[in-house]
Amino acid sequence: MKVLVLNCGSSSLKYQLIDSDTEAVLAKGLCERIGIDGSCISHQPVGGEKVKEEADMPDHTAAVKMVIEKLTDEKAGVISSLEEIGAVGHRVVHGGEDFSEAVVIDEAVIHAIEGCSDLAPLHNPANLIGIRSCQAIMPGVPMVAVFDTAFHQTMPKKAYLYGLPYEYYRKYKIRRYGFHGTSHDFVSKRAAQILGKDRKDLKIIVCHLGNGASVSAVKYGESVDTSMGLTPLEGLIMGTRSGDMDPAILSFLAEKEGLDAAQVIEICNKKSGVLGLSDGASSDFRDLVLAAEEGNEQAGHALEAYAYRVGKYIGAYAAAMNGVDVIAFTAGVGENNAEVRAMVAQYIGYLGTNIDPERNRIRGEEVILSDEGAKVVTMVVPTNEELAIARETVRLTKKS
Ligand code: ADP
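Residues numbered from 1 in each chain as written. Predicted model: local features only at pLDDT ≥ 70, side-chain atom pairs only at ≥ 80, totals over all residues. Heavy atoms only, no water.

Now for the packing of helix α7 (residues 248-257) against helix α8 (residues 261-270). Contact geometry for α7 and α8: axes closest at 9 Å, N-to-C directions at 115°. Between α7 and α8, the angle is such that the two are roughly perpendicular. In the packing of α7 onto α8, the handedness of the crossing is right-handed. Along its contact with α7, which presents L250, L253 and A254, the element α8 presents V264, I265 and C268. When the residues that make up the contact of α7 with α8 are grouped by side-chain class, the tally is 6 nonpolar, no polar and no charged. (Axes fitted to C-alpha atoms, helices over the stretch in contact; angles between N-to-C directions. Helix = DSSP H or I, 4+ residues; strand = E, 2+ residues; numbered from the N terminus. Parallel < 35°, antiparallel > 145°, perpendicular 65-115°, else oblique. Left-handed = near helix turned anticlockwise from the far one by under 90°. Contact = heavy atoms within 4.5 Å. Nonpolar A, V, L, I, M, F, W, Y, C, P; charged D, E, K, R; others polar.)

In structure tokens:
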């Protein structure tokens, strides 16, 4: 079956068409500036040439139409008609407490996703627009929602409750939800598979280090803790997000700079992290490593603070699970940035990771970093959220 995987943002739409029998990507692309002047689409049939062109996309329905046009295009297309698409998998950011796994989309599900919009006001409405657009263009094609939060719904209360008056949880459902769940699930599963073990027998720490970044503790197959919280702002220092900090900083900064709460949160989301810490040098880890090598001290400090925080979380989650068998690095930085991994390695050796500096130089592929016989196996496992979404979509639509 051919599965269209969609990830809709407020003004963007990322897509992949995946053949679920071979798990090969047939084509992928990105629509940008939807509803804004200068909207454009980049489309790449795998093995073919990437095309980028301006295209009028006043809304997401127009963008989905454009994607179908490209997929069925005589030259750049990979299918002959819309009918070849057997199902659509939608990435949905927030499933609140309603969804602990992916679901086939119907009106009740749409209603429930709407209900979670309070928790992700930028993302869920965009995801819903994508779903509605597909319903209009491909009526009758089964669709599945795969939630970023779902995998973490197994966390126990002690991990997901904040130390706030309980009434705020009761009234507003303020709690830790966690994100990147599809990736933490995929990577922990694959790590066990590579080691020839059952995930149910392992305590795994997954470090998803991309632009956004989070760590999770996966104990015997279930997420028992994760570093992102009510929103993706909590936890690690990220590309542009601050991660953990004293909440009193918010009002302090608001008063000093004459800002309102939304403006301070915007700074914490968009101008902080390694971008802020490096005094604006970059949010991209490749740039930062280069800058630090060329003597930019602040870039060096940003990288050190970043790695230190990752190391601390690994220690915390080893404690949370009362042990750890596997530590897996994934996403852009975790998969590719050997320098950052080497910096993190300084804080986790006591666990018995025995990371081989030579193997740690390998980038972008599955590799076991630890020496043979290490007490804790440290490894790189490239994530593939689109494939995970396609697999869930097939699993659920074949049943229904
Ligand atoms: P997103 O959260 O946007 O999906 P990614 O997982 O793509 O982020 O991660 C982006 C980060 O990965 C960037 O900081 C980038 O520098 C880093 N990265 C990607 N490829 C490489 C590479 N080959 N070497 C070093 N760092 C890389």
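There's more to say after this.
Here we come to the pairing of strand β12 (residues 326-330). Burial analysis of β12 places 5 of its 5 residues in the buried class, which makes it a mostly covered element. With 5 bridges connecting them, strand β9 (residues 203-209) and β12 associate as parallel partners. Bridge assignment links C207 to a residue of β12, and that residue is F329. As paired elements, β12 and strand β14 (residues 377-380) share 4 bridges and run parallel to each other. Of the residues in β14, the one forming a bridge with I327 is T378. (Buried < 20%, exposed > 50% of the residue type's maximum accessible area, 1.4 Å probe, protein only. Pairing = 2+ DSSP bridges.)

Taken together, the residues surrounding the ligand are G210, N211, G212, D284, F285, R286, A331, G332, V333, N336, N337 and R363. N336 is positioned such that a nitrogen or oxygen atom in its side chain is 3.4 Å from a nitrogen atom of the ligand. Isolated, the ligand exposes 580 Å² of accessible area, and the fraction of that covered by the protein chains is 67%. With 4 residues, the single largest contributor to the shell around the ligand is helix α12 (residues 331-336). By residue class, the composition of the shell around the ligand is 3 nonpolar, 6 polar and 3 charged. (Near = heavy atom within 4 Å. Polar contact = N/O pair within 3.5 Å; in protein donor to acceptor, adjacent residues only side chain to side chain. Areas by Shrake-Rupley, 256 points an atom, 1.4 Å probe, with all protein chains shown as cover.)

Below, the discussion takes up the nonpolar core. In terms of nonpolar packing, the biggest core is built from 43 residues, with I205, C207, L209, Y306, I314 and I327 touching the most fellow members. Every element with two or more residues in this core is listed here: β9, β10 (213-219), α10 (285-293), α11 (297-320), β12 and α13 (338-345). The greatest single-element share of this core, amounting to 10 residues, is contributed by α11. The contacts of I314, once residues within four sequence positions are left out, are I205, C207, I327, V344, I348 and L351. In this structure, C8, A62, V88 and L128 belong to the second largest nonpolar core, which totals 38 residues. (Core = buried A, V, L, I, M, F, W, Y, C linked by side-chain atoms within 4.5 Å.)

On to the sheet that holds strand β13 (residues 367-368). Read across the sheet, 6 strands follow the order β11-β10-β9-β12-β14-β13 without closing on themselves; strand pairing throughout is mixed. Each end of this open sheet is capped by a strand with a single partner; those strands are β11 (222-226) and β13. Across the sheet, helix α6 (residues 181-194) touches β9, β10, β11, β12 and β14, and the angle it forms with β9 is around 130°. Packed onto the sheet, α11 meets β9, β10, β11 and β12 and runs at close to 160° relative to β9.

Glancing now at the pairing of strand β6 (residues 85-92). Among the 8 residues in β6, 6 count as buried, and that is most of the element. As defined by bridge partners, strand β1 (residues 2-8) adjoins β6 across 5 bridges and the pair is classed as parallel. Within β6, the position partnered with V3 by the bridge is A87. Taken together, the 5 bridges between β6 and strand β8 (residues 143-147) define a ladder with parallel strand orientation. Each residue of the ladder has a partner; that of V92, found in β8, is F147.

Below, the discussion takes up the sheet that holds strand β2 (residues 13-19). Spatially, 8 strands are ordered β5-β4-β3-β2-β1-β6-β8-β7 in an open sheet, and the strand pairing comes out mixed. With partners counted over all chains shown, the strands left at the sheet margins are β5 (51-54) and β7 (103-104), one partner each. Pairing geometry for β2 and strand β3 (residues 24-32), over 7 bridges, is antiparallel. Following the sheet pairing, L17 is matched in β3 by A27.

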